[in-house]
Amino acid sequence: MASVSEVRRRTVSSAITLDALSKRFPGQSDAAVKQVSLAIQPGEIFVVMGLSGSGKSTLLRMINGLIEPSSGSVEVRGQNLSKLSKRELNHLRRQAMAMVFQSFALFPQRSVLDNAAFGLEVAGLPKAKRLAPARRALERVGLGHQLNQKPAQLSGGMQQRVGLARALALDPPILLMDEAFSALDPLIRRDMQDLLLDLQAEHRRTVVFISHDLDEAIRLGDRIALMQSGQVLQCGTPLELLTAPVSPEVRAFFKGVDRGAVLNLEHILEPCPESMVLPGGAAPAATAHQRLCFGLNQAGQFLGVISPQDGWIQADAAGALDSKLLVNAAIAAVARSPWPTPVLDRDRRLLGVVTPRRLLETLRESEQ
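Residues numbered from 1 in each chain as written. Predicted model: local features only at pLDDT ≥ 70, side-chain atom pairs only at ≥ 80, totals over all residues. Heavy atoms only, no water.

**Q** Please clarify how the side chain of Arg166 should be interpreted in this entry.
**A** Among the structural elements, Arg166 can be located in helix α7 (residues 156-169). Buried charge Arg166 goes without a salt bridge, the closest partner of opposite sign being Glu121 at 9.4 Å. Separated by 3.0 Å, the side chain of Arg166 and the backbone oxygen of Ala105 make a polar contact. Residues within four places of Arg166 in sequence aside, it is in contact with Phe104, Ala105, Leu106, Phe107, Asn115, Ala116, Phe118 and Gly119. (Helix = DSSP H or I, 4+ residues; strand = E, 2+ residues; numbered from the N terminus. Buried < 20%, exposed > 50% of the residue type's maximum accessible area, 1.4 Å probe, protein only. Lys, Arg positive; Asp, Glu negative; His and termini not counted. Salt bridge = Lys/Arg side-chain N within 4 Å of Asp/Glu carboxyl O. Polar contact = N/O pair within 3.5 Å; in protein donor to acceptor, adjacent residues only side chain to side chain. Contact = heavy atoms within 4.5 Å.)

As structure tokens, then:
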């Protein structure tokens, strides 16, 4: 987790900065949130995860000013929320933040279009100016043909798409999502995750996503803050939390996670069996080598495989894989390869190989 001093240094460039943030509700002996310091960067999907009662939803409500901290501060785009008047806070919310709730929060008597336009209505836009962006947002989430239907006529997944469209219609730089997909069945939930990732690829927003589901956090999060009993146990990329847990609690939380969905091939490399530099990049003679060997040019770039059985195989037919490819995505290719699979960096330099044995060892670690 970032130190308080580091958070302060990064305040100017951060979309959201939490500095020693705490919240104790009246009548409670223990604080719901304890001394949380985080810097959430522009354009990232930042997942706050933990079990029920960990403090994650309280944290989110302090970020948008719905709950006032007991101590510490929240800065959104450089503005300290505690120093804003109620009018200024409402203005910041309308201009910079939109929220998507677990409960959909739709008005049953309103049409899908009017529900999607509600945030713009609250912001004071006349009807003529709010319906067009609401319609565009609904079309983007796949509901362009349901504009006049009522929420009760839609499935749960469609209702959540309306809630997301209502937030997108505001075109907010910051999107706050509180367990937004947790009420959906697994297939619809994955569809909504795909939609969020597609939207993020088209237009990067700062997304703070609350979840209690580890697979969802790993799939969506650029970084994850893992909370327990109001404290952040660790904050980092999914890979950092999986491979370098800072405490037994973090290690236990990630036990059994699908490592193949997090690790890239570069993390499970083995040394090359043998390699040789081919002068001028020329293909070797068929009898040039009697053992499996990888051919490289002077810069270390992969040219092909020299196989005792098949002779010279050019790089484009040798089954090389990108080092950034996820382990799960490489399973079929590694299983088909008659030799250890060469793994290349972005400049096509040979970094090492992946064998079926190493790949299976990696996947088995997920089950232990």
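**Q** Mind showing me how you'd approach the pattern of salt bridges here?
**A** Pairing is possible between side chains of opposite charge, provided their charged atoms come close. Per the stated rule, a full pass over the model turns up 16 salt bridges. In this structure, the salt-bridge partner of Asp171 is Arg205, at a minimum N-O distance of 3.1 Å. Of this pair, Asp171 sits in the loop between α7 and β7 (174-178) while Arg205 sits in the loop between α8 (186-202) and β8 (206-211), and the two are 34 residues apart along the sequence. Notably, a salt bridge pairs Asp194 with Arg219, separated by 2.3 Å at the nearest N-O pair. Of this pair, Asp194 sits in helix α8 while Arg219 sits in helix α9 (residues 214-220), placing them 25 residues apart in sequence. Look at Asp194 and you get partly exposed, because its relative accessible area is 27%. Salt bridges sharing partners connect three or more residues here, namely Asp345, Asp347 and Arg349.

**Q** It is not clear to me how the pairing of strand β10 (residues 231-236) should be interpreted in this structure. Could you clarify?
**A** On a regular strand, each side chain points to the face opposite its neighbour's, so the side chains alternate between the two faces of the sheet. Bridge count between strand β9 (residues 223-228) and β10: five bridges; the pairing is antiparallel. In the strand pairing of β10, Met227 is matched with Val232. (Pairing = 2+ DSSP bridges.)

**Q** Looking at this model, I keep getting lost on the sheet that holds β7. Mind explaining?
**A** Where strands meet in a sheet, backbone hydrogen bonds hold them as pairs that are either parallel or antiparallel. Pairing is mixed in the open sheet, where six strands are placed in the order β6-β7-β8-β3-β9-β10. Looking at strand neighbours, the two that pair on one side only are β6 (97-101) and β10, the edges of this open sheet. On average, adjacent strands in this sheet sit at an angle of 15° to one another, irrespective of strand direction. Packing of helix α3 (residues 86-96) onto the sheet brings it into contact with β6 and β7, and relative to β6 it is tilted by some 75°. Each of β6 and β7 is contacted by α7, which is oriented at about 170° to β6, the strand it contacts most. (Axes fitted to C-alpha atoms, helices over the stretch in contact; angles between N-to-C directions.)

**Q** What am I meant to see in the environment of Arg349 here?
**A** Tracing the backbone through its elements, the reader meets Arg349 in the loop between β16 (341-344) and β17 (350-354). According to the relative accessible area criterion, Arg349 is partly exposed, its value standing at 36%. A sequence separation of 15 residues divides Arg349 from Arg364, and the C-alpha atoms of the two residues are 29 Å apart.

**Q** I tried to follow the nonpolar core on my own but got confused; where do I start?
**A** Side chains of a nonpolar character, in soluble globular proteins, are inclined to be buried together. Counting 60 residues, the largest nonpolar core has Leu138, Leu164, Met177 and Phe254 as its most contacted members. It is α7 that provides the largest number of residues to this core, a total of six residues. In this structure, Leu18, Val48, Val76 and Ile174 belong to the second largest nonpolar core, which totals 32 residues. (Core = buried A, V, L, I, M, F, W, Y, C linked by side-chain atoms within 4.5 Å.)

**Q** What is the right way to look at the packing of aromatic side chains in this model?
**A** The description of an aromatic ring pair uses the distance of the two centres, along with the angle that the planes make with each other. In the structure shown here, the tally under the stated rule is four aromatic pairs. Of note, Arg110 hangs over the ring of Phe107, and the distance from its end group to the ring centre comes to 5.2 Å. (Phe/Tyr/Trp six-rings, centres within 6.5 Å; stacked < 30°, edge-to-face > 60°. Lys NZ or Arg CZ within 6 Å of the ring centre and 35° of its normal.)

**Q** Whenever I open this one, helix α2 (residues 56-63) confuses me. Can you help?
**A** Counting along an α-helix, one turn takes 3.6 residues, and residues three or four places apart therefore face a common direction. The element α2 is extensively covered by neighbouring structure, given that six of its eight residues are classed as buried. For α2, the complete set of buried residues consists of Lys56, Thr58, Leu59, Leu60, Met62 and Ile63. Immediately beyond the C-terminal end of α2, within one or two residues, lies Gly65, with a positive phi of roughly 80°.

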